[in-house]
Amino acid sequence: VQLQASGGGLVQAGDSLRLSCAASGRTFSAYNVGWFRQVPVKEREFVAAITWRGGSTYYADSVKGRFTISSDNAKNTVYPQMNSLKPEDTAVYYCAAMRAVGSRTLYHSSNYDHWGQGTLVTVSS
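Analysis parameters
Residues numbered from 1 in each chain as written. Predicted model: local features only at pLDDT ≥ 70, side-chain atom pairs only at ≥ 80, totals over all residues. Heavy atoms only, no water. Core = buried A, V, L, I, M, F, W, Y, C linked by side-chain atoms within 4.5 Å. Buried < 20%, exposed > 50% of the residue type's maximum accessible area, 1.4 Å probe, protein only. Helix = DSSP H or I, 4+ residues; strand = E, 2+ residues; numbered from the N terminus. Contact = heavy atoms within 4.5 Å. Phe/Tyr/Trp six-rings, centres within 6.5 Å; stacked < 30°, edge-to-face > 60°. Salt bridge = Lys/Arg side-chain N within 4 Å of Asp/Glu carboxyl O.

K.L.:
Explain the nonpolar core here, please?
P.N.:
Judged by nonpolar contacts, the single largest core of 37 residues is most densely connected at L3, F28, W35, V78, M82, Y93 and Y112. Elements with a contribution of two residues or more to this core: strand 1 (2–6), strand 4 (20–24), strand 5 (31–38), strand 6 (45–51), strand 8 (67–72), strand 9 (77–82), strand 10 (91–99) and strand 12 (119–124). For this core, the element with the most residues is strand 10, which contributes six residues. When near neighbours in sequence (up to four residues on either side) are disregarded, Y93 contacts L19, W35, F36, R37, V47, F67, M82, G118, T119 and V121.

Laid out in structure tokens, this is it:
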């Protein structure tokens, strides 16, 4: 499956932004989808994830209550809606897909099988 992340940009603190992760090649069925972010000299950080079959959602504590992840099965796309953005949310955001088999945790980037190219989100203060 190929992933295309989009929607990044420059916003001010307190603004909202919606990213998109569209799948091609294969559908997201039987995949869980996660979002991670990374800034220079830091490891890739889990942001949010959604299970494709059950639609269960998971969030990092740093974004809980501000970000909402959802999916559109018909469009084969996953959307993280990011509200009340803070300067510390500035990062390159990546979407990733994990085959929904076994019991691999959604929180570890190493468990994901496919990655998109990343989209830059910059939040100014």
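K.L.:
I would appreciate a short explanation of the packing of aromatic side chains in the present structure.
P.N.:
Any pair of aromatic rings gets described here by the distance separating the centres and the angle formed by the planes. A complete count under the given rule lists seven aromatic pairs for this structure. A centroid spacing of 5.3 Å and a plane angle of 55° characterise the contact between F36 and W115, whose relative ring orientation is tilted. With a gap of 79 residues between them, F36 in strand 5 and W115 in strand 11 (residues 114–115) connect regions that are remote in the sequence. Residue classification places F36 among the buried residues on the basis of a relative accessible area of 1%. Ring plane angle 80° and centroid distance 6.2 Å describe the contact between Y58 and Y107, whose orientation is recorded as edge-to-face. Of this pair, Y58 sits in strand 7 (residues 57–59) while Y107 sits in the loop between strand 10 and strand 11; the two residues are 49 residues apart in sequence, bridging distant segments of the chain. Residue Y58 is classed as partly exposed on the basis of its relative accessible area of 28%.

K.L.:
Sorry, what's going on with unusual backbone geometry here?
P.N.:
What you tend to see is this: most non-glycine residues have negative phi, and most peptide bonds are trans. A positive phi is found at V41, a non-glycine position, where the angle reads about 65°. Take V41: it is sitting in the loop between strand 5 and strand 6. The backbone phi angle of S84 is positive, close to 50°, even though this residue is not glycine. By secondary structure assignment, the location of S84 is in the loop between strand 9 and strand 10. S84 gets classed as partly exposed once you look at its relative accessible area, which sits at 41%.

K.L.:
How should the pattern of salt bridges be read in this particular structure?
P.N.:
When the charged atoms of two side chains lie near each other, side chains of opposite charge can form a pair. Taken as a whole and assessed by the stated rule, the structure comprises six salt bridges. Note that D89 and R37 form a salt bridge whose closest N and O atoms lie 2.9 Å from each other. With D89 in the loop between strand 9 and strand 10 and R37 in strand 5, this pair connects stretches of sequence that are 52 residues apart. With a relative accessible area of 1%, D89 lands in the buried category. Residue R37 is classed as buried on the basis of its relative accessible area, which comes to 6%. A salt bridge links D113 to R104; the shortest N-O distance between them is 3.2 Å. Taking the relative accessible area as the measure of exposure, D113 reaches 28% and is therefore partly exposed. Look at R104 and you get partly exposed, because its relative accessible area is 32%. Each of R37, E45, R66 and D89 takes part in salt bridges that share partners, so that together they form one network.

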